[in-house]
Amino acid sequence: MAFSSALDDPETDPFDIAREAAAQIAERTGVDHHDIALTLGSGWGRAAELIGETTHTITATDIVGFRAPSLTGHLGTLRSILLPSGKRALVIGARTHYYEGHGVRAVAHSVRTAAATGAKIMVLTNGAGGIKPHWKPGQPVLISDHINLTANSPLEGGTFIDLTDLYSARLRALAREVDPSLDEGVYVQFRGPHYETPAEVQMAKIIGGHIVGMSTTLEAIAARQAGMEILGLSLITNLAAGISPTPLSHTEVLEAGRAAEPVISELLAKIVERL
Ligand code: 8IG
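Residues numbered from 1 in each chain as written. Predicted model: local features only at pLDDT ≥ 70, side-chain atom pairs only at ≥ 80, totals over all residues. Heavy atoms only, no water.

I'd like a description of the overall build of the protein chain, backed by residues and values.
Secondary structure summary: the protein chain contains seven helices and nine strands in total. In terms of overall dimensions, the protein chain has C-alpha extents of about 50 × 45 × 35 Å along its principal axes. The burial tally for the protein chain puts 53% of its 275 residues in the buried class. Put simply, 80% of the contacts in the protein chain that link residues at least 6 apart link residues at least 24 apart. About 11600 Å² of surface is accessible on the protein chain, with carbon and sulfur atoms providing 54% of the total. The protein chain carries 22 positive and 30 negative side-chain charges, and their two centres are separated by 4 Å. (Helix = DSSP H or I, 4+ residues; strand = E, 2+ residues; numbered from the N terminus. Buried < 20%, exposed > 50% of the residue type's maximum accessible area, 1.4 Å probe, protein only. Contact = heavy atoms within 4.5 Å. Areas by Shrake-Rupley, 256 points an atom, 1.4 Å probe, with all protein chains shown as cover. Lys, Arg positive; Asp, Glu negative; His and termini not counted. Charge placed at Lys NZ, Arg CZ, Asp CG, Glu CD.)

This is how it looks when you write it as structure tokens:
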């Protein structure tokens with residue numbers, strides 16, 4: 001049987017594919033170990049230029065298990081960056097979203113690959129909708145916890161993993177040393193790709209959510225399984241449906257991301273300096 005990705009074959013072990021991907025990255029870059037990894041979501045892309053010196057850029061689809069991103073505004077590269085501290089960062093500009101329908105292995109692959117390169121810290125960033133009414137488009141917030149509404153998990157079989165303090169309190173405190181004004185909230189992942197109805201946003205609020213998005217929770221679970229420490233950051237590009245008086249437009253979302261990009265990228269670069 002032909003599979004469009006090695007990950008689609010149920011006989012393969014996704015961790016073997018991740019190790020193979022990490023070996024390919026080491027071969028392409030000559031860097032056999034990365035210390036931290038960052039997934040840059042909408043609005044966060046410029047951070048790659050600010051955190052250090054990019055020594056290698058790889059087209060993600062050249063690495064086993066990675067897929068071409070389906071969306072403009074999302075990069076399709078992997079970069080190895082030398083940080084001022086001498087540490088190495090792997091920057092993932094190629095996120096596969098759950099809503100693309102390629103399954104949870106495809107979603108978790110970049111995180112598992114990052115772990116296989118040696119990364120002990122996973123920084124997950126995204127663009128998202130805000131539920132707290134005083135939040136403004138363009139504002140970055142820390143993810144304190146999540147509610148996964150995908151009804152899925154990247155874990156296979158009877159794998160029971162504790163998710164207490166999934167979004168590291170230590171790393172959140174460290175981010176607040178850089179910017180004490182950083183607010184935080186519970187991230188609710190919907191499947192998407194449609195935005196929520198106002199009623200769904202009210203549900204998210206009632207169950208304890210503050211941020212709505214279409215990524216991150218499955219990646220965070222996979223990162224925890226891989227033993228990584230996780231920092232989650234959302235750029236609030238829009239107030240969630242019904243919180244804002246105006247309907248959501250993807251163009252406006254991208255525009256808010258672009259406008260905030262220099263500021264939040266600098267924030268992220270300063271945080272990474274301390275990791
Ligand atoms: I950017 O309002 C962005 N991504 N689910 N809802 C969801 N995802 C988002 C939103 C939003 N804004």
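Resuming the write-up.
A description of unusual backbone geometry should follow, citing residues and the corresponding values.
P193 follows G192 through a cis peptide bond whose omega is 0 degrees. Note on placement: P193 falls in the loop between strand 7 (183–189) and helix 5 (198–206). If you check the backbone angles, T216 has positive phi at about 75 degrees while not being a glycine. In this structure, T216 sits in the loop between strand 8 (211–213) and helix 6 (217–225).

If you had to explain the side chain of T96 to someone new, which residues and values would you point to?
Tracing the sequence through the fold places T96 in the loop between strand 4 (88–92) and helix 3 (104–116). Given a relative accessible area of 8%, T96 falls into the buried group.

Which residues make up the pairing of strand 4, and what values do they have?
A large share of strand 4 lies buried, amounting to five of its five residues. On strand 4, burial covers both faces: R88, L90 and I92 on one face and A89 and V91 on the other are all buried. Note that strand 1 (residues 36–39) and strand 4 share four bridges and pair parallel. Within the sheet, the bridge partner assigned to A37 lies in strand 4 and is L90. As defined by bridge partners, strand 3 (residues 77–82) adjoins strand 4 across five bridges and the pair is classed as antiparallel. Paired with L78 across the bridge in strand 4 is I92. What sits between strand 3 and strand 4 in their antiparallel hairpin is a turn of five residues, with G86 showing a positive phi close to 95 degrees. (Pairing = 2+ DSSP bridges.)

I'd love a proper account of the site of the ligand, names of residues and values included.
Around the ligand, the neighbouring residues are G127, A128, G129, Y195, E196, V212, G213, M214, T237, N238, L248 and V253. Here E196 contributes a side-chain N or O atom positioned 2.4 Å from a nitrogen atom of the ligand. At a separation of 2.8 Å, a nitrogen atom of the ligand approaches a polar side-chain atom of N238. Burial of the ligand by the protein chains amounts to 95% of its free accessible area of 320 Å². Of all the elements in the fold, those that place two or more residues in the shell around the ligand are strand 5 (121–130), strand 8 and strand 9 (229–239). For the shell around the ligand, the element with the most residues is strand 5, which contributes three residues. (Near = heavy atom within 4 Å. Polar contact = N/O pair within 3.5 Å; in protein donor to acceptor, adjacent residues only side chain to side chain.)

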